[in-house]
Amino acid sequence: MHSFSYSGNRRNPIFLLACLGALLIGCSGGGGGGGGDGDGDDCSVRKQNRFVHLDMLDRYYWYDRVPQTIDYDDFSSPEETLAFLRYEALDRFSYIASQEAFNNLFNNGTYIGYGFAFVIADDGRVLLRFVYDQSPAAASGFERGDEILAVNGQSAAIITAANGWNQAFGEAQIGLVTSLQLRRKNGNIETINLTKAVVTINTVLHSEIIPSGANNIGYLVFNSFLNTSPAELDPVFAQFGAAGVNQLILDLRYNGGGSIDVARDLASYLRDTPVSNQDLFVQLRYNARYQSSNFNVYLRPLANSLGLNEVTVITTSLTCSASEQIVSALQPYFSRVTTIGSASCGKPVGQNPRNFCDKTLVAVNFASFNAAGQGEYFSGIPADCSASDDPGFAFGDPGEPLLQAARFFVDNSTCPPVPRLRGWSAPMLPGLQELAGAV
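Residues numbered from 1 in each chain as written. Predicted model: local features only at pLDDT ≥ 70, side-chain atom pairs only at ≥ 80, totals over all residues. Heavy atoms only, no water.

S.K.: Before we move on, could you go through the overall build of the chain and cite the residues and values that matter?
M.R.: Broken down by element type, the chain carries eleven helices and 22 strands. Summed over its atoms, the accessible surface of the chain is roughly 16600 Å², and 46% of this surface lies on carbon and sulfur atoms. (Helix = DSSP H or I, 4+ residues; strand = E, 2+ residues; numbered from the N terminus. Areas by Shrake-Rupley, 256 points an atom, 1.4 Å probe, with all protein chains shown as cover.)

S.K.: Describe helix α10 (residues 401–412), and please don't skip the residues or the numbers.
M.R.: In an α-helix, one turn spans 3.6 residues, which is why side chains three or four residues apart end up on the same side. Over its twelve residues, α10 extends 16 Å from the first C-alpha to the last, a length consistent with the 16 Å expected when each residue adds 1.5 Å. Every buried residue of α10 is listed here: P401, L402, L403, A405, A406, F409 and V410. Tucked into the core, α10 has its buried residues touching β10 (204–212), β11 (215–222), β12 (247–251), β15 (310–315), β16 (336–341) and β21 (385–386). In the segment just after α10, S413 is the residue with positive phi, at about 55°. (Expected span 1.5 Å × (residues − 1). Buried < 20%, exposed > 50% of the residue type's maximum accessible area, 1.4 Å probe, protein only. Contact = heavy atoms within 4.5 Å.)

S.K.: Kindly report on the environment of A172, identifying the contributing residues and their values.
M.R.: As for its position among the elements, A172 is in the loop between α6 (165–168) and β7 (177–183). Judged by its relative accessible area of 56%, A172 falls in the exposed class. When the C-alpha positions of A172 and I112 are compared, they lie 5.4 Å apart, and in sequence the two are 60 residues distant.

S.K.: Tell me about the sheet that holds strand β20 (residues 364–369), and name the residues and values.
M.R.: Read across the sheet, four strands follow the order β14-β13-β20-β17 without closing on themselves; strand pairing throughout is antiparallel. Looking at the sheet topology across the chains shown, the edges are occupied by β14 (295–298) and β17 (349–351). The average undirected angle you get between the axes of adjacent strands in this sheet is 30°. Taken together, the four bridges between strand β13 (residues 280–286) and β14 define a ladder with antiparallel strand orientation. Paired with Q283 across the two strands is N296, which belongs to β14. Packed onto the sheet, helix α8 (residues 260–270) meets β13, β14 and β20 and runs at close to 155° relative to β13. In the packing of helix α9 (residues 322–330) onto the sheet, the strands contacted are β13 and β20, and the crossing angle to β13 comes to about 120°. (Pairing = 2+ DSSP bridges. Axes fitted to C-alpha atoms, helices over the stretch in contact; angles between N-to-C directions.)

S.K.: Quick one: what's the story with unusual backbone geometry, residue by residue and with numbers?
M.R.: Trans peptide bonds make up most of the peptide bonds, and negative phi angles are found at most residues other than glycine. Although it is not a glycine, N152 sits at a positive phi angle of roughly 50°. Judged by its relative accessible area of 47%, N152 is partly exposed. The backbone of E376 shows a phi angle near 55°, a positive value even though the residue is not glycine. Within the element layout of this structure, E376 appears in the loop between β20 and β21.

S.K.: How would you summarise the packing of helix α7 (residues 229–242) against α8 if you had to cite specific residues and measurements?
M.R.: Axis separation between α7 and α8 bottoms out at 11 Å; the angle between their running directions is 5°. As far as their axial angle goes, α8 and α7 are roughly parallel. Across from S229, P230, L233, D234 and F237 in α7, the residues of α8 making contact are V262, L266, Y269 and L270. Within the contact of α7 with α8, the residues separate by chemical class into seven nonpolar, one polar and one charged. (Parallel < 35°, antiparallel > 145°, perpendicular 65-115°, else oblique. Nonpolar A, V, L, I, M, F, W, Y, C, P; charged D, E, K, R; others polar.)

S.K.: I'd like to hear about the pattern of salt bridges, residue by residue, with values.
M.R.: The final tally for this structure, using the stated rule, is 18 salt bridges. K47 serves as the salt-bridge partner of D42, at 3.2 Å between the closest nitrogen and oxygen. D42 sits in the partly exposed class, given a relative accessible area of 33%. A salt bridge links R59 to D55; its shortest N-O distance comes to 2.8 Å. Connected through shared salt-bridge partners, R144, D251, R253, D389 and E400 make up one network. (Salt bridge = Lys/Arg side-chain N within 4 Å of Asp/Glu carboxyl O.)

S.K.: So what about the pairing of β11? Which residues, and what values?
M.R.: Counting buried positions along β11 yields seven of eight residues, so the element is predominantly enclosed. Pairing analysis gives eight bridges linking β10 to β11, with the strands arranged antiparallel. Across the sheet, residue I210 finds its bridge partner in β11, namely I217. The hairpin formed by β10 and β11 contains two residues between the paired strands, and G213 there has a positive phi angle of roughly 60°. Note: β11 against β12, five bridges, orientation parallel. Within the sheet, the bridge partner assigned to G218 lies in β12 and is L248. Traced from β11 through α7 to β12, the parallel crossover comes out right-handed. (Right-handed = clockwise from strand over helix to strand, strands pointing away.)

S.K.: Explain the state of the cysteines to me, and be specific about the residues and the numbers.
M.R.: Taken as a whole, this structure holds three disulfides when the rule is applied. There is a disulfide in this structure between C43 and C357, and the S-S distance comes to 2.1 Å. Torsion about the S-S bond of the C43 and C357 cystine: about -110°, corresponding to left-handed handedness. Linking C43 in the segment before α1 (45–58) with C357 in the loop between β18 (354–356) and β19 (359–362), this pair joins segments that are 314 residues apart in sequence. By relative accessible area, C43 is classed as partly exposed at 33%. (Disulfide = S-S within 2.5 Å.)

Here it is in structure tokens:
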């Protein structure tokens, strides 16, 4: 899964860790990054390929792994050029998006789609893992736990065998209709035609307060760090504070990342008080050409901060980038940061997006490190307690395995007995679609 970090200028820093306030793209590069915005109206494929190559030679975190010369006519698109140049050993995160889609996602929290996400269970079933509130899928009554049986008449099993899920739902085009056959959670089988539309992402998928003995546990399912997220987070933490929440289960199981500024604020909502403006959240380190751009991001006081000194975080292989930053960044400050579930995706790096023609190049430019100088978790942050996601349970259901395991840890300060671990996978969605987390 991929997350990314975005950085603007120093007066108004914004960073995309899985990718992502006020998006400042087209950041200035160094001497080698020519082409693109400064290349006039020439947007031939050759010129676009040249722009990508020169930018990668200059700003790319692994710039020394990029071939010095390539034949720009050998590649049919800048996307193909980027795929060739990317440092495959560690970089599965760099991509190219349309400027319009990029800006809509990060600034407005919108994308074109149906508004649901899915996973493939180890028994082959394809299950919905969440549905955005304002989406065609929600309007048609889709729920977490519904099973996709077929898409446009092709069975889910055939699509899975052909590794075809990335293409199954078509282009990001308003008005595109897809026929889905679903088995609802109640067992009913229905065929539903969905029409693609502009989906508004709700980054808070669920929140509640769970009384448990001496604890008032806040439970927050948070799905991505977008510029629209603060307006969703502040009332949640106001509610948690008013209820005297003294423990927090932060559920980042599907969170592909986003803005470092928003991640910094989420960490600041949790942090011990008082917070000084010298409490480092993360340090961003650039390649050898741009050491003068290394940048510190600090925690900051927020009105509804809980003042905690421990937190329990639900993670999976879909927990990426800015989400991993939260776990890593709090460890030097909290007495206990406990991860429940499975290892995270392993993205300790981020991107400074740059515009060219009608596209945005989102290539890895920096790595992030916490206040103890720790980073480079390319293999993911391991789970302290193992447990598995089960989309058959609604968020907040006491029997849902990941929440159940997290509650057990909060109440007993030890991992629960390990249940049978269920296997599942989520198809790698291309580019921005992965950050949106849904089709």
